[in-house]
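# Topology and contacts: notes
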Amino acid sequence: MNTNSGDQLKAAAQTGDIDLLYTVIHHDPWILENIDSIPFVETPLHIAASLGHIRFAIEIMKLKPSLALKLNPQGFSPVHLAMQNDQKRMLFRFVCMNNDLVRIEGREGLTLLHFASQIGEVDFLAKFLFVCPRSIEDVTGKGETALHIAVKNEQYEALDLLVCFLRKSIVRGAKMIQNKIVNWKDEDDNTILHILAQRNFEPEVVKALGLLLKIGINLKAKNMENKTALDMAANVDIRSILLCTGAKSNSQITNAPTLAHKLRSNITIRDKMTTNIFRTGSNILEEQRNTCLIVATLVATATYQSALSPPGGIYQVSAYDDINVNITSSNSTISTPKNAGHSVLSGAEFGLFLILNMTSFLGSVMAIVIMIPRGTIEGAVGYPVLSFALSYLFSMMKISPTHAYLMIVSIIFLSIAIVSEFNIFSRMYCDLKSVIVKKLNR
C-alpha cells in the first residue's frame, strides 16, 4: 500500500470527503483490499465512525462491507467506536444496513448490547433487540450476559427492558432462551439474583427482584463459593423478600446428582425404551418424517372413526331386542333396551375388533409422538395428540358390551405410560383408571 495513498485516505476519512476517497482509489485500486488483509488495523471506517461522517462511512461499507467487521489494535470495531463516541445516527444506520453488526465481539467479548446495558441506553437496547433478537444470548469473556452487566452497573431500567423483552420474545425456542439467560452464571457462577441480592435495599432493587421472581429464576442456584442468593443477601429486608418467595440457604438444599452420576447410573428398562424412542426419531430423515406423520395421522383418524361407528353399529334407544326392561307407569308401559349405546357385536367379536383397532390406533399415535421434533413444538402438538388418544379410549369404554374389555384398555394404556417419555401419559392413566373404577362400581 502506497504511503501517500494511505495518508490521503486517512485525511478523506477525517474530513468525510467522498471525492478524495475516489481520487485515492483511482490512483491505488487495491488500497481497500490491502487494508482488509491486515488482521488488526484502524480502517477509514473506524475514523469516520468515530467522527460521525455518516455519508462517508456508508460509502466505505458499500465498497468494502467486510471493513465493518474489522477490529483495530485496541480491539474495537467501527460500531464500537460509534457507540463510545455517542454517534447515535451513525450507529442506527450501521445496524440497519447489517443486523449482524450488533453481535460483533470486541475487546473481552463485548458487543453493542453489552455496551448499551453498561451505560443504560435503553433506546439503543430496544433498537438492537428489535433488529437482532438473538443478541440477547451473547456472553462476554467474563461469562456475563447483558443482564449481568446491567445489574452490576445498577442500570435497573435497562434490566427491566431486557427481562420484558425475554418475556415477550417470539423467536424460535424463546422459552428455553428465557430460562437459560435469566439463570446464566458468570465466571464466578453468580446468577443475576446473586448479584442483585448484594445490593442495598432500594425501590429499584425491590422492583428488579420482583421482576426476576416473576419469570421463574432459580432460587436454589449456587455460586463457586457454594452460596445461594439468600446466603448472599446484603440486608434483612432483601433477605425477607427472598424468604417469602421460597428461597433456601445452602444448608437447606440437597445437592442434585451431577451429570457424571447420571451418566454412570444403572440403565433401567424405562431408560432403554426412552433411548430407543429418541434414537428412532433422530435417525429419521426429514422427508421420511413428514411421510410417516401423514400416514400415521390418516391411520389414527380412520381407526378413531371406526371406534365411533363399530361394525354392525350400536344399540339405539329405538332398537328392541330380547333384553328389554319394562318401565310401567299409571298410563302406559314403555320398553327400552338395556344395552343402549353399546356395540351389537358379541363379547368375543368385540374383543377381536378392539385388539386389532386399538393396536392400529395406539401404534399410529406412538409414531406421531416419535416423529414430533424435540423442543417447544413437542408440547404444543403432543398434548392435543394425547388428549385425542384419551377420547378414543373413552369411546371404546362406552361402546364395550362387557366390562372385561375395559381392563384391556387400561393395561394397554398403562404400557404406553411406561414406554413414553411424556409424564402426561402417567397423569392421563390415573384419570382413566378412576373413570374405569367408577364405571365398574355402578
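The structure this text deals with has already been given above.
Summary of the structure given here. (Residues numbered from 1 in each chain as written. Predicted model: local features only at pLDDT ≥ 70, side-chain atom pairs only at ≥ 80, totals over all residues. Heavy atoms only, no water.)

### A closer look at the overall build of the protein
Within the protein, the secondary structure is distributed over 22 helices and 2 strands. By the burial criterion, 42% of the 442 residues in the protein qualify as buried. Across the protein, every contact between residues at least 6 apart in sequence was considered, and the portion connecting residues at least 24 apart equals 72%. (Helix = DSSP H or I, 4+ residues; strand = E, 2+ residues; numbered from the N terminus. Buried < 20%, exposed > 50% of the residue type's maximum accessible area, 1.4 Å probe, protein only. Contact = heavy atoms within 4.5 Å.)

### Details of the pattern of salt bridges
By the definition in use, this model includes 11 salt bridges. The salt bridge involving Lys-88 is made with Glu-121; its shortest N-O contact spans 3.9 Å. Placement of the pair is Lys-88 in helix H7 (residues 88-97) and Glu-121 in the loop between helix H8 (112-119) and helix H9 (122-131), with a sequence separation of 33 residues. Look at the salt bridges and you will find they share partners, linking Glu-33, Asp-36, Lys-64 and Lys-70 into a network. (Salt bridge = Lys/Arg side-chain N within 4 Å of Asp/Glu carboxyl O.)

### Here we look at the side chain of Ser-169
Among the secondary structure elements, Ser-169 is positioned in the loop between helix H11 (156-168) and helix H12 (174-182). Within polar-contact distance, the side chain of Ser-169 engages the backbone nitrogen of Val-171 at 3.5 Å. (Polar contact = N/O pair within 3.5 Å; in protein donor to acceptor, adjacent residues only side chain to side chain.)

### A look at the nonpolar core
Within the largest apolar cluster, 82 residues are counted, with the highest numbers of intra-cluster contacts made by Phe-94, Phe-128, Ile-136, Leu-147 and Leu-242. No other element matches the 7 residues that H11 contributes to this core. Apart from the residues within four sequence positions on either side, Leu-147 is in contact with Ile-136, Leu-159, Leu-162, Val-163, Leu-166, Ile-181, Val-182 and Ile-192. (Core = buried A, V, L, I, M, F, W, Y, C linked by side-chain atoms within 4.5 Å.)

### Points about the side chain of His-46
The topology assignment puts His-46 in helix H4 (residues 44-51). Within the local environment of His-46, its side chain forms a polar contact with the side chain of Thr-43, the two groups lying 2.8 Å apart. Only 3.2 Å separates the side chain of His-46 from the backbone oxygen of Lys-70, close enough to count as a polar contact. If we ignore the near neighbours within four places in the chain, the residues touching His-46 are Val-41, Lys-70, Leu-71, Asn-72, Phe-76, Ser-77, Pro-78 and Leu-81.

### Re the environment of Ser-249
With respect to the helices, strands and loops of the structure, Ser-249 is situated in the loop between helix H15 (236-244) and helix H16 (259-264). Considered as a pair, Ser-249 and Ala-221 are 28 residues apart in the sequence and their alpha carbons are 9.9 Å apart. If we skip the residues at most four places from it in the chain, Ser-249 touches Thr-228, Leu-230 and Asp-231.

### What about unusual backbone geometry?
Backbone geometry places Glu-108, a non-glycine residue, at a positive phi of 60°. Within the secondary structure, Glu-108 is located in the loop between H7 and H8. One non-glycine residue, Asp-189, lies in the positive phi region at around 65°. With respect to the helices, strands and loops of the structure, Asp-189 is situated in the loop between H12 and helix H13 (192-197). Among the residues examined, Asp-189 registers a relative accessible area of 30% and is labelled partly exposed.

As far as function goes, none of this settles anything; it's purely spatial.
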